[in-house]
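Overview (structure and organization)
What follows is each chain in one-letter form.
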Amino acid sequence: MEKPVTMMTERETNKNYRIWIRDIKVDTWVKESYLVKSKRSMLTKKGDPYLSMILSDKTGQIEARVWDRVEELSAQFKEGDVIHIEGYVTYFKDSIQLNIKEIRPHKGKIDPSVFLESTSQDISQMMKELEDILGQIKNPYLQFIIDEFLKDSDFMTSFKRAPAGKNLHHPYLGGLLEHTLNVMKMCTQISELYPFLDRELLLCGAFLHDIGKIKEYQYDLHFDYTHEGRLLGHLILGISMLEEKIRHIDKIPKDLILKLKHLILSHHGEYEFGSPKRPKILEAVVLHLVDEIDAKINGIYRFFETDGNEGLWTGFSRVYDRFFLKGIIPDEDDLKNDTGFRLQEDLFNRT
């Protein structure tokens with residue numbers, strides 16, 4: 001086996017050099033500081049202990065393992081810490097894996113911008129687009145509800161900064177705003193195709209459907225669930241936040257509030273996906289489908305971006321339970337010129 005190539009050469013001549021997770025390659029030796037996104041104590045089939053970890057920085061995440069001196073190294077850190085690691089990178093079960101040999105606590109000041117990914121979109125521009133869409137709503141009761149949230153500075157500060165997920169989709173600063181705006185844009189287009197929908201109810205529901213996530217997650221240095229998030233979840237938290245705002249509205253139609261609450265409670269679609277209720281009005285059906293479209297597209301695209309596999313296919317996604325094609329399939333003549341293909345073809349012809 002060849003000796004792993006070190007990734008330290010450039011650092012030795014450039015003190016600002018950093019090994020970003022997106023740049024990590026197989027058969028390299030890595031010395032760098034990363035955020036511990038998750039940490040689990042496990043046992044091999046033989047009963048030997050090991051650590052299963054996910055390390056991250058703002059460019060992505062990588063699976064990591066500690067096989068030796070497990071108890072000693074585990075005592076050095078906890079989930080949510082920034083640690084300095086040394087280890088080599090291998091390829092295991094269709095994905096890149098970092099095998100750690102040394103761990104020590106990170107020294108010096110921690111810059112959250114190094115370890116927390118942020119949206120690539122402009123926050124101010126997204127807010128302008130969101131407010132422009134909401135400005136089209138003329139129903140005075142819906143207008144009042146929207147204004148109650150928009151003028152709440154604490155809410156808006158969190159809304160613009162919060163992630164939309166911990167791992168699966170939009171798990172970065174500004175992710176909630178980005179996801180909400182995408183859902184609202186799609187709802188706008190769908191309501192033009194299907195004019196029988198209550199467009200204003202749908203748009204207001206799209207704006208409010210995930211507001212509980214500002215209380216569900218903590219996102220100072222790493223993304224994790226709050227106690228409220230684990231015990232209640234963002235659907236219940238969102239309903240509570242809505243109820244707090246509508247206390248100030250006199251004579252609001254009961255039908256309107258019931259439907260708006262239903263949009264929030266049912267947008268996960270099915271019981272097995274954590275939805276207390278399945279969609280029972282057309283606007284709720286639309287919101288669920290649009291929410292799922294944006295979440296799935298973002299989640300799969302991010303998997304493509306962080307996949308370390310070379311070639312036409314990604315590694316296996318445990319979340320989506322499949323491989324994904326990420327390139328153009330070559331013509332048959334091009335395949336026949338490939339050495340690996342010719343070897344397989346020769347073997348087939350001999351049998």
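Okay, so let's go over this structure. Every value quoted in this text rests on a predicted model; they were computed, and no experiment measured them.

Scoring rules and cut-offs
- Residues numbered from 1 in each chain as written.
- Predicted model: local features only at pLDDT ≥ 70, side-chain atom pairs only at ≥ 80, totals over all residues.
- Heavy atoms only, no water.
- Helix = DSSP H or I, 4+ residues; strand = E, 2+ residues; numbered from the N terminus.
- Buried < 20%, exposed > 50% of the residue type's maximum accessible area, 1.4 Å probe, protein only.
- Contact = heavy atoms within 4.5 Å.
- Areas by Shrake-Rupley, 256 points an atom, 1.4 Å probe, with all protein chains shown as cover.
- Patch = residues over 30% accessible without salt bridge, like charges linked within 9 Å, V, L, I, M, F, W, Y side chains within 5 Å.
- Salt bridge = Lys/Arg side-chain N within 4 Å of Asp/Glu carboxyl O.
- 1 Å grid on protein atoms, 1.4 Å probe; cavity = no way out; pocket = protein on both sides within 12 Å on 5 of 7 lines; lining within 4 Å.
- Points joined across faces, edges and corners; volume = space filled by probe spheres on them.
- Polar contact = N/O pair within 3.5 Å; in protein donor to acceptor, adjacent residues only side chain to side chain.
- Phe/Tyr/Trp six-rings, centres within 6.5 Å; stacked < 30°, edge-to-face > 60°.
- Lys NZ or Arg CZ within 6 Å of the ring centre and 35° of its normal.

1. Some points on the overall build of the chain
For the chain, the count of helices and strands is 15 helices and eight strands. A burial count over the chain gives 45% of its 351 residues as buried. Counting contacts in the chain only where the partners sit at least 6 residues apart, residues at least 24 apart contribute 56% of the total. Accessible surface computed for the chain: about 20000 Å², of which carbon and sulfur atoms make up 52%.

2. Focus on a nonpolar patch on the surface
A cluster of nonpolar side chains, namely Leu193, Tyr194, Phe196, Leu282, Val285 and Leu289, defines an oily patch on the protein surface of about 620 Å² accessible area. Residue contributions to the nonpolar patch peak at three residues, all from helix H13 (residues 282–306). For Phe196, the location among the structural elements is in the loop between helix H7 (175–193) and helix H8 (199–208). In this structure Phe196 comes out as exposed when scored by relative accessible area, which is 59%.

3. Some details on the layout of surface pockets
If you add up the space inside the second largest pocket, you get close to 720 Å³. Taken together, 25 residues form the lining of the second largest pocket, with Leu168, His169, His268, Phe273 and Ala295 sitting closest to its centre. Of all the elements in the fold, those that place two or more residues in the lining of the second largest pocket are helix H9 (213–216) and H13. In terms of residue count, H13 provides more of the lining of the second largest pocket than any other element does, six residues in total.

4. Some points on the pattern of salt bridges
As enumerated under the stated definition, the model contains 19 salt bridges in all. Of the charged contacts, one joins Arg318 and Glu63 as a salt bridge, the two residues approaching to 2.9 Å between their closest N and O atoms. Of this pair, Arg318 sits in the loop between H13 and helix H14 (332–336) while Glu63 sits in strand S4 (residues 60–66), placing them 255 residues apart in sequence. In this structure Arg318 comes out as exposed when scored by relative accessible area, which is 55%. Among the salt bridges present, the one from Arg69 reaches Glu72, with a minimum N-O distance of 3.0 Å. Note on Glu72: relative accessible area 45%, which makes it partly exposed. Put simply, Arg18, Glu32 and Asp57 are held in one network by salt bridges that share partners.

5. With respect to the environment of Thr119
In this structure, Thr119 sits in the loop between helix H3 (112–115) and helix H4 (123–134). Taking the C-alpha atoms as reference points, Thr119 and Pro163, separated by 44 residues in sequence, lie 9.1 Å from one another. In contact with Thr119, not counting residues within four places along its chain, are Met126, Tyr172, Leu173, Gly174 and Glu178. For Thr119, the side chain forms a polar contact with the main-chain nitrogen of Gln121, separated by 3.0 Å.

6. Comments concerning the packing of aromatic side chains
In total, this model carries twelve aromatic pairs according to the counting rule given. Aromatic side chains Trp29 and Tyr88 sit 6.3 Å apart centroid to centroid with 15° between the ring planes, which places their arrangement in the stacked category. Residue Trp29 is found in strand S2 (residues 28–43), and its partner Tyr88 is found in strand S5 (residues 82–92); the two are separated by 59 residues along the sequence. Through pairs of rings, three or more aromatic residues link up here, namely Phe149, Phe155, Phe159 and Phe207. Sitting above the plane of the Trp20 ring, Arg18 keeps its charged end 5.1 Å from the centroid. Taking NZ or CZ as reference, Lys245 lies 5.5 Å from the ring centre of Phe149, over its face.

7. A short note on the environment of His106
Mapped onto the fold, His106 is located in the loop between strand S6 (95–105) and H3. Residue class for His106 comes out partly exposed when judged on its relative accessible area of 24%. A C-alpha to C-alpha distance of 5.8 Å links His106 and Val82, two positions 24 residues apart in sequence. Leaving out residues up to four positions away in the same chain, His106 has contacts with Ser33, Val82, Ile83 and His84. Polar side-chain contacts of His106 include one of 3.0 Å to the side chain of Ser33.

8. Structural notes on unusual backbone geometry
Despite not being glycine, Asp27 has its phi angle at roughly 65°, a positive value. Looking at the element boundaries, Asp27 is found in the loop between helix H1 (9–13) and S2. Taking the relative accessible area as the measure of exposure, Asp27 reaches 44% and is therefore partly exposed. Here the phi dihedral of His170 falls at roughly 45°; this positive angle occurs in a residue that is not glycine.

As far as function goes, none of this settles anything; it's purely spatial.
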